[in-house]
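# Notes for the structure review
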Amino acid sequence: MKPQLTWQPYNLQLKYPFTIFNYSRTTTPVVLTQLEYGGLTGYGEASLPQYLGETQESVIRFLQKVDFNRFSDITQIDDVMAYIDSLDAGNTAAKASVDIALHDLVGKLIGQPWYKIWGYNPAKAISTTYTIGIDTADVVRQKTQEVAGQFNILKVKLGRDNDKEMIETIRQVTNTPILADANQGWKDKNHALEMSYWLKERGVVMIEQPFVKTDIENSAWLTERSPLPIYADEAFQRLNDVPRFKGAFSGVNIKLQKCTGMREARKILDTARTLNMNVMIGCMVESGCAVTAAAHLSPMMDFADLDGPLLSANDPFKGITYEKGVIVLPDKPGLGVEKIK
Ligand code: MG
């Protein structure tokens, strides 16, 4: 009997509209994958926010090319994913949807959850950040009041002309540590350095992607001088970026949809640690399936930005839960997710 890969396009409905720059959206398209073998089913997911270039159609075109018949042993994930990666350039979310389903299936065949197969301590799973979006001071104050006390760390989107107002408004409500994501919004290196000192004084603990993703030079200048660690997000995609970012960034934001899944994410983690760099794990708008896959790496991370399941109104999976903002990993085999829709 051979493994059967099937897929289903799905639209995740957001509880609140997601607004950046000039557009706002209330749904995120995903493709849910299923890999069946030996009476077991592995679940996977590709998340496809518009700005990343993959679509439900391009994912399905990619999945149609996958031929598992060439493998006599499906548990050899490294061989299988090397083949999947070689099928075409790019398509990282499509590749991740296969990788995640494959890990779920193989974990179920082995009979253990992935954190256990990898030897990670689930009690070290860290707190997720919760994101406060760019908005007017009144809305920011109200949103902060709603979540203050429920989360141990907040994430704030900066990079516009109201950065200081955003932080000061939140600080009127709570002293919870803040992770500041500039989303490529800062232009001037001296301004960025000044901001890093100003933010540190106000309990910000790190800065994500200060400059446009191609600007590695200014980032290296800032990383050398900033009192806060500087993380690459938009600039960072895959394993081969890690060595060339040594010195230019203090750390990298790993996302399964950018790096083709759990297999490569783990290699990024180990490579970054070897180079004395920091690591965080993040997500797109994703269901509990892909976010739980990412969460299996969270015991080894400096920060986790895994609030995806809190944002969607029609999540077809039950996976990780949160206890006062701390990630709780399911203890069932594979990813440990349950399909509920
Ligand atoms: Mg970011």
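Residues numbered from 1 in each chain as written. Predicted model: local features only at pLDDT ≥ 70, side-chain atom pairs only at ≥ 80, totals over all residues. Heavy atoms only, no water.

What follows concerns the overall build of the protein chain. Looking only at helices and strands, the protein chain features twelve helices and 15 strands. Counting all 341 residues of the protein chain, 55% fall into the buried class. A sequence separation of at least 24 residues applies to 68% of the contacts in the protein chain between residues at least 6 apart. Accessible surface for the protein chain amounts to roughly 14,300 Å². Of this, 48% is attributable to carbon and sulfur atoms. One way to put it: in the protein chain the 37 positive side-chain charges average out to a point 2 Å from where the 40 negative ones average out. (Helix = DSSP H or I, 4+ residues; strand = E, 2+ residues; numbered from the N terminus. Buried < 20%, exposed > 50% of the residue type's maximum accessible area, 1.4 Å probe, protein only. Contact = heavy atoms within 4.5 Å. Areas by Shrake-Rupley, 256 points an atom, 1.4 Å probe, with all protein chains shown as cover. Lys, Arg positive; Asp, Glu negative; His and termini not counted. Charge placed at Lys NZ, Arg CZ, Asp CG, Glu CD.)

Tetrahedral coordination by four donors sets the ideal angle at the metal to 109.5 degrees; octahedral coordination by six donors sets it to 90 or 180 degrees. Surrounding the magnesium ion are the protein donor atoms D181 (OD), E208 (OE) and D233 (OD), which sit 2.1 to 2.2 Å from the metal. Positions of the donor residues of the magnesium ion along the chain correspond to the pattern D-x26-E-x24-D. Separated by 25 residues along the polypeptide, E208 in strand β7 (residues 204-208) and D233 in the loop between β8 (230-232) and α9 (241-245) bring together distant segments of the chain. In this structure E208 comes out as buried when scored by relative accessible area, which is 0%. (Donors = N, O, S within 2.8 Å, 3.2 Å for Na, K, Ca; no water.)

At N183, a residue that is not glycine, the phi angle is positive and equals roughly 50°. Turning to its location among the elements, N183 is positioned in the loop between β6 (178-181) and α7 (189-201). With a phi angle near 50°, K324 is a residue other than glycine that sits in the positive phi range. Of note, K324 is situated in the loop between β13 (321-323) and β14 (326-328). Judged by relative accessible area, which is 67%, K324 ranks as exposed.

Buried residues dominate helix α12 (residues 288-295), accounting for eight of its eight residues. Among the residues making up α12, those that are buried are G288, C289, A290, V291, T292, A293, A294 and A295.

On to the sheet that holds strand β4 (residues 130-132), then. Adjacent strands of a sheet form backbone hydrogen bonds with each other and so pair up, either parallel or antiparallel. With parallel pairing, the eight strands of this open sheet are ordered in space as β4-β5-β6-β7-β8-β9-β10-β11. Looking at which strands have only one partner, the edges of the open sheet turn out to be β4 and β11 (303-305). With direction set aside, neighbouring strand axes in the sheet form an average angle of 30°. Pairing geometry for β7 and β8, over two bridges, is parallel. Bridge pairing in β8 places I207 opposite I230. Sitting on the sheet, helix α11 (residues 262-274) is in contact with β9 (251-255) and β10 (278-282), with an inclination near 160° to β10. (Pairing = 2+ DSSP bridges. Axes fitted to C-alpha atoms, helices over the stretch in contact; angles between N-to-C directions.)

Turning to the packing of aromatic side chains, a few remarks are in order. For the coordinates displayed, the defined rule picks out eight aromatic pairs. Summarising the aromatic geometry, the rings of W114 and W118 are spaced 5.4 Å apart at their centres and angled 50° between planes, so their arrangement reads as tilted. Of this pair, W114 and W118 both sit in helix α4 (residues 114-118), separated by four residues, roughly a single helical turn. Take W118: its relative accessible area is 12%, and that puts it in the buried class. Seen from their ring centres, Y231 and F303 are 5.9 Å apart, and the 65° between their planes marks the pair as edge-to-face. Here Y231 is found in strand β8, whereas its partner F303 is found in strand β11, with 72 residues between them in sequence. According to the relative accessible area criterion, Y231 is buried, its value standing at 1%. Residue F303 is classed as buried on the basis of its relative accessible area of 16%. Here a set of aromatic residues connected by ring pairs shows up, and it is made of W114, W118 and Y120. (Phe/Tyr/Trp six-rings, centres within 6.5 Å; stacked < 30°, edge-to-face > 60°.)

Moving on to the pattern of salt bridges. Under the defined criterion, the tally for this structure stands at 17 salt bridges. With a closest N to O distance of 2.8 Å, R238 and D85 form a salt bridge. Of this pair, R238 sits in the loop between β8 and α9 while D85 sits in helix α2 (residues 77-86); the two residues are 153 residues apart in sequence, bridging distant segments of the chain. Of the charged contacts, one joins R273 and D302 as a salt bridge, the two residues approaching to 3.1 Å between their closest N and O atoms. Separated by 29 residues along the polypeptide, R273 in helix α11 and D302 in the loop between α12 and β11 bring together distant segments of the chain. On the basis of relative accessible area, R273 is assigned to the partly exposed category, the value being 35%. What you see here is one network of salt bridges that share partners, running through K155, K157, D181, E208 and D305. (Salt bridge = Lys/Arg side-chain N within 4 Å of Asp/Glu carboxyl O.)

Shape is all these values report; function is a separate question.
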